[in-house]
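Secondary and tertiary structure notes
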Amino acid sequence: MTNFAIDIRKAAKWYGSVCAVQDFDLQVPEGQFVALLGSSGSGKTTTLRMLAGLETPSGGDILVKGRRVNDVPVHKRNFGMVFQNHALFPHKTAFDNIAFGLKYRSVKAEQIRERVRRALEIVRLPHCEDRLPSQMSGGQQQRIAVARAIVIEPDLLLFDEPLSSLDAGLRDEMRGEIKRIQQTLGITTVFVTHDQAEALSMADKVVVMHNGRKQQEGTPEEIYRTPGSEFVMRFFGNVNEVLGRPVGRSGALTRIEIAEGAQVLIRTDREIEAETRFLLRADELRLSATPVPGEEVSCLQVRIVGREYLGMLARYRVEIGDLVIQVIQPVEDKDFPEGQSAWLTIRPDSWRIWS
Ligand SMILES: Nc1ncnc2c1ncn2[C@@H]1O[C@H](COP(=O)(O)OP(=O)(O)O)[C@@H](O)[C@H]1O
Ligand SMILES: [Mg+2]
């Protein structure tokens, strides 16, 4: 027995000699929102389809609410699903699109009306029953698709890149809406996406996938701040790679030279004896107009050689001797134009070694 809403054990899926998913374990407590995050071809859709009953696993077990469902067909699983192309019936009204799953389940007409009305309220489209999909915006159509998924009172909600076809503003809005609806109803949810921001902003737990395998799982903060591998760290982007040579120690910290005359302090359990490759996240670095005092932090004078305005953030390229690295920080009152010099502060814990 299991207390998890979803318990996937060693699931695998082979298409001939192509392995789409292997050795995949996942436990999801009731009511949790899980994001499967990975680039194209990493096995996200296959995993979701096995869960949904649209694919039969080649190996392993899939349990939902304690019941093994490997051989339970899709129509007997009572899951709500929303996909990228939301596939509303074009000639049916919003009401009929939402009601479709209920009629199929032989719910009485009066109850159908009541449940569709409530689903429309939950997705905040209370007066749209009679509209055809063509009379609604992309976002509204996607809300209808969500209403159709929740109206059946599903055991699980499954989403496969539902927001990819929407433009940026609407995507942001729908992120919040889907999260709100999921929290209101408390339905255990699996959400597939290749979009880091989507996964980090919506999920209670993020599962990073690569080559059909789980790379890491954790809260958004854990995944982002303490990546378990170079792959996961790089997946979120904005990573600097720096070569450094050990030149001594300073208490518990190691002193490393990263460019001619530029030394920094790093914290590591390793004994660094030779030139080593370090990774540094651009958003953990800080530029300031004056040096930042501190015993452990390293503060280096740098020259700004590039500046890219990103709205709330700016990305700077800074030169330290013959080394150029990027820094991402909020555009607060202080900006650093190209050509100017500035001070770069690096904490000793920011340096990561994978090799
Ligand atoms: N029906 C299929 N037949 C053969 N190969 C497939 C099939 N579906 C998926 N694959 C392969 O399995 C791998 C994972 O695919 P998929 O689960 O769709 O990844 P994702 O959703 O992360 O992009 C890919 O290499 C893909 O080409
Ligand atoms: Mg996919």
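Here goes a summary of the coordinates provided. This structure is a prediction, so every number in the text was calculated from the model and none was measured. (Residues numbered from 1 in each chain as written. Chains lettered and ligands numbered in written order. Predicted model: local features only at pLDDT ≥ 70, side-chain atom pairs only at ≥ 80, totals over all residues. Heavy atoms only, no water.)

Let's talk about the site of ligand 1
What counts, and what does not: One heavy atom within 4 Å of a molecule or strand is enough for the residue carrying it to be called near that molecule or strand. Here a polar contact is taken to be a pair of N or O atoms separated by no more than 3.5 Å, where protein atoms must pair a possible hydrogen donor with a possible acceptor and residues adjacent in sequence count only if both atoms sit in side chains. Only the protein chains shown count as cover for residues, with accessible areas throughout obtained via the Shrake-Rupley method and a probe of 1.4 Å. Put simply, DSSP H or I for four residues or longer makes a helix, DSSP E for two residues or longer makes a strand, and each gets a number counted from the N terminus. Note that Gly is not counted as nonpolar here; it falls among the polar residues with everything else outside the nonpolar set of Ala, Val, Leu, Ile, Met, Phe, Trp, Tyr, Cys and Pro and the charged set of Asp, Glu, Lys and Arg.
Around ligand 1 lies a shell formed by Tyr15, Ala20, Ser39, Ser40, Gly41, Ser42, Gly43, Lys44, Thr45 and Thr46. A distance of 3.0 Å separates an oxygen atom of ligand 1 from a polar backbone atom of Gly43. A distance of 2.8 Å is found between an oxygen atom of ligand 1 and a side-chain nitrogen or oxygen belonging to Thr45. Protein chains bury 59% of the 560 Å² of accessible surface belonging to ligand 1 in isolation. The element that contributes the greatest number of residues to the shell around ligand 1 is helix H1 (residues 44-52), accounting for 3 residues. Tallied by class, residues from the shell around ligand 1 come to 2 nonpolar, 7 polar and 1 charged.

Considerations on the packing of aromatic side chains
Selection criterion: Ring pairs are drawn from Phe, Tyr and Trp, using the six-membered ring of Trp, whenever the two centres fall within 6.5 Å, and their geometry is named by plane angle: stacked under 30 degrees, edge-to-face over 60, tilted for the rest. The classification of residues rests on relative accessible area computed with a 1.4 Å probe and restricted to protein chains. Under 20% of the type maximum is buried, over 50% is exposed, and intermediate values are partly exposed. Here, a charge over a ring means that NZ of Lys or CZ of Arg falls within 6 Å of the ring centre while also lying within 35 degrees of the ring normal.
This structure, assessed with the given rule, holds 8 aromatic pairs. Centre to centre, the rings of Phe278 and Trp351 are 5.7 Å apart; their planes meet at 85 degrees, and the pair counts as edge-to-face. With Phe278 in strand E14 (residues 276-281) and Trp351 in the segment after strand E19 (341-346), this pair connects stretches of sequence that are 73 residues apart. For the pair Phe278 and Trp351, a shared accessibility class is recorded, and that class is buried. Grouping aromatic residues by their ring pairs yields a cluster made of Tyr224, Phe231, Phe235 and Phe236. Across the ring face of Phe89, the terminal group of Lys92 is positioned such that the distance to the ring centre comes to 5.4 Å. Over the ring of Phe336 we find Lys334, and its NZ or CZ is 5.5 Å from the ring centre.

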